[in-house]
Amino acid sequence: MNNILFLFGLSNISNFRLENNIGRLYGGLIVDLPSPKNINLFWNYGSLLGIFLFIQILTGLFLSFSFVSSVDLAFFSVDSIMRDVFSGSFFRLLHSNGATFFFIFLYVHMFRGIYYSTYIIFQKVWLVGCVIFVLCMAIAFFGYVLPWGNMSFWGATVITNLFSAIPYVGDSIVIWLWGGFSVSFPTLVRFFSFHFICPFILLFLVIIHIFFLHETGSNNPLGLNSNNNKISFHPYFSLNDLFVLSIYIFLFFLASFGFPYLFMDVENFFEANSLVTPLHIQPEWYFLPAYAVLRAVPNKLGGVISLAMFIIIYFLLPFYGSKNCSSLNYFYQFLFFFWVINFFLLMYLGACSVEYPYLLMSRVCFFIYFFILLFF
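One structure accompanies this document, and this report is about it. All values reported here derive from a predicted model rather than from experimental measurement.

### Quick look at the overall build of the protein chain
Thought 1: Scanning the protein chain for helices and strands turns up 15 helices and two strands.
Thought 2: Within the protein chain, the proportion of its 376 residues that are buried is 45%.
Thought 3: A fraction of 79% describes how many contacts in the protein chain between residues 6 or more apart in sequence connect residues 24 or more apart.
Thought 4: Per element, the accessible surface of the protein chain, about 20300 Å² overall, is 72% carbon and sulfur.

See below:
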């Protein structure tokens, strides 16, 4: 039959049909991706993160048109964006509050992975996700410095100065980051460049993250093989994602324009001043747990090591995590929720003064944070 088709020049038709079927197959992997039918609301946060990442990149791009990375003009350029630039306040409020919502979704997404032990089954997905987490923290820190408010300036001074605790090369790293011997004009320019380029690197990592996820498909709350209990992603879960997205978009706009400065520090409404130190230096709320861990150790090098371990331990989870940990285990559930409460307590303590009893509580919560993670 193939010979007959070849003689009449019709073999291309069969090839076209074959390629068309293959195209439908790969198209189906995107639209009709088989997904476990028992996944719950916590599986929506991955798509929410993707949408809010797009919002952050888009709003940040528009803000970059009017921002001036100069120590003399940065603070006033942000003020000009809010007052004079057409729709400038719209994009600035969306961008600043979008970071808050992005980290809320990011923490929920990570906690879901820990609760359902997906880091054991999807090691590559989890490890790429951990790299994304670290990069998100770096991007947020760079962006926090750019408005050149007083808290931003002193926060940048304190955090970058931590690298000086690294033996032999620490001082050189700090001088390179600063571009001099203090946080000044070269620092602001470098942070603006990093803040602009890193989201595109983040976007590339997100694509890899999704690629690894689609190799095996999503996990399910029971942690069991669900190959025989799957349905297509569209329309069942795509409509569910749209419904949840509509709720969060409403809350996002309500926070951005109803309570726009709820998550901003009052010190950042004053221009950076190297002669006026804020009474209590603290970062944004999503850095507070790590900041509390840093301050819990009295030694500078020890604090930097504990801060690094705060993040590194997530990378180690797939390699020492127990396969016996299951969301169906009541003891495991108790440990997880106790750990989450301890995490929020660290967040609270990170905003408190470095004095008794907050310092003692930080050290206790610091120990609990790492001790419980060893059981996961």
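Having seen it, we continue.
### Structural notes on the packing of aromatic side chains
Thought 1: Counted according to the given criterion, the structure contains 59 aromatic pairs.
Thought 2: Each ring, one from Tyr45 and one from Phe105, has its centre 5.7 Å from the other, and the planes form 55 degrees; the classification is tilted. You can see Tyr45 sitting in helix α3 (residues 45-64) and its partner Phe105 sitting in helix α5 (residues 88-115), a full 60 residues away along the chain. Phe105 matches Tyr45 in its accessibility class, with the two residues each being buried.
Thought 3: Here the aromatic rings of Phe111 and Trp339 are separated by 5.2 Å at their centres, their planes lie at 75 degrees, and the arrangement is edge-to-face. Residue Phe111 is found in helix α5, and its partner Trp339 is found in helix α14 (residues 330-350); the two are separated by 228 residues along the sequence.
Thought 4: Given the relative accessible area of 10%, Phe111 is considered buried.
Thought 5: Overall, Trp339 belongs to the buried group, its relative accessible area being 0%.
Thought 6: It is Arg112 that lies over the ring of Trp43; its NZ or CZ is 4.6 Å from the centre.
Thought 7: Over the aromatic face of Trp176 sits the side chain of Arg190, whose NZ or CZ is 5.6 Å from the ring centroid.

### Thoughts on the nonpolar core
Thought 1: Counting residues in hydrophobic clusters, the biggest one holds 97 residues, and the most contacted among them are Phe103, Ile114, Trp148, Tyr314, Trp339, Tyr369 and Phe376.
Thought 2: The biggest single contributor to this core is helix α7 (residues 123-145), with 14 residues.
Thought 3: Contacts of Phe103, omitting those with residues within four sequence positions, involve Cys136, Met137, Ala140, Trp285 and Tyr286.

### A few points about the packing of α3 against helix α10 (residues 185-216)
Thought 1: For the pair α3 and α10, the least separation of the axes is 11 Å and the interaxial angle reads 155 degrees. As the angle between them shows, α3 and α10 are arranged roughly antiparallel. In the packing of α3 onto α10, the handedness of the crossing is left-handed. Residues Leu53, Ile57, Leu61 and Ser64 of α3 touch α10, and the partners they reach there are Phe192, Phe196, Pro199, Phe200, Leu202, Leu203 and Val206.
Thought 2: Of the residues that constitute the contact of α3 with α10, the class distribution is ten nonpolar, one polar and no charged.

### Brief notes about unusual backbone geometry
Thought 1: Cis geometry is adopted by the peptide bond preceding Pro357, which originates at Tyr356 and carries an omega value of 5 degrees.
Thought 2: Not every positive phi belongs to a glycine, and Ser87 is a case in point at roughly 60 degrees.
Thought 3: In this structure, Trp148 takes a positive phi of about 60 degrees despite not being glycine.
Thought 4: In this structure Trp148 comes out as buried when scored by relative accessible area, which is 5%.

Basis of the calculations
Residues numbered from 1 in each chain as written. Predicted model: local features only at pLDDT ≥ 70, side-chain atom pairs only at ≥ 80, totals over all residues. Heavy atoms only, no water. Helix = DSSP H or I, 4+ residues; strand = E, 2+ residues; numbered from the N terminus. Buried < 20%, exposed > 50% of the residue type's maximum accessible area, 1.4 Å probe, protein only. Contact = heavy atoms within 4.5 Å. Areas by Shrake-Rupley, 256 points an atom, 1.4 Å probe, with all protein chains shown as cover. Phe/Tyr/Trp six-rings, centres within 6.5 Å; stacked < 30°, edge-to-face > 60°. Lys NZ or Arg CZ within 6 Å of the ring centre and 35° of its normal. Core = buried A, V, L, I, M, F, W, Y, C linked by side-chain atoms within 4.5 Å. Axes fitted to C-alpha atoms, helices over the stretch in contact; angles between N-to-C directions. Parallel < 35°, antiparallel > 145°, perpendicular 65-115°, else oblique. Left-handed = near helix turned anticlockwise from the far one by under 90°. Nonpolar A, V, L, I, M, F, W, Y, C, P; charged D, E, K, R; others polar.

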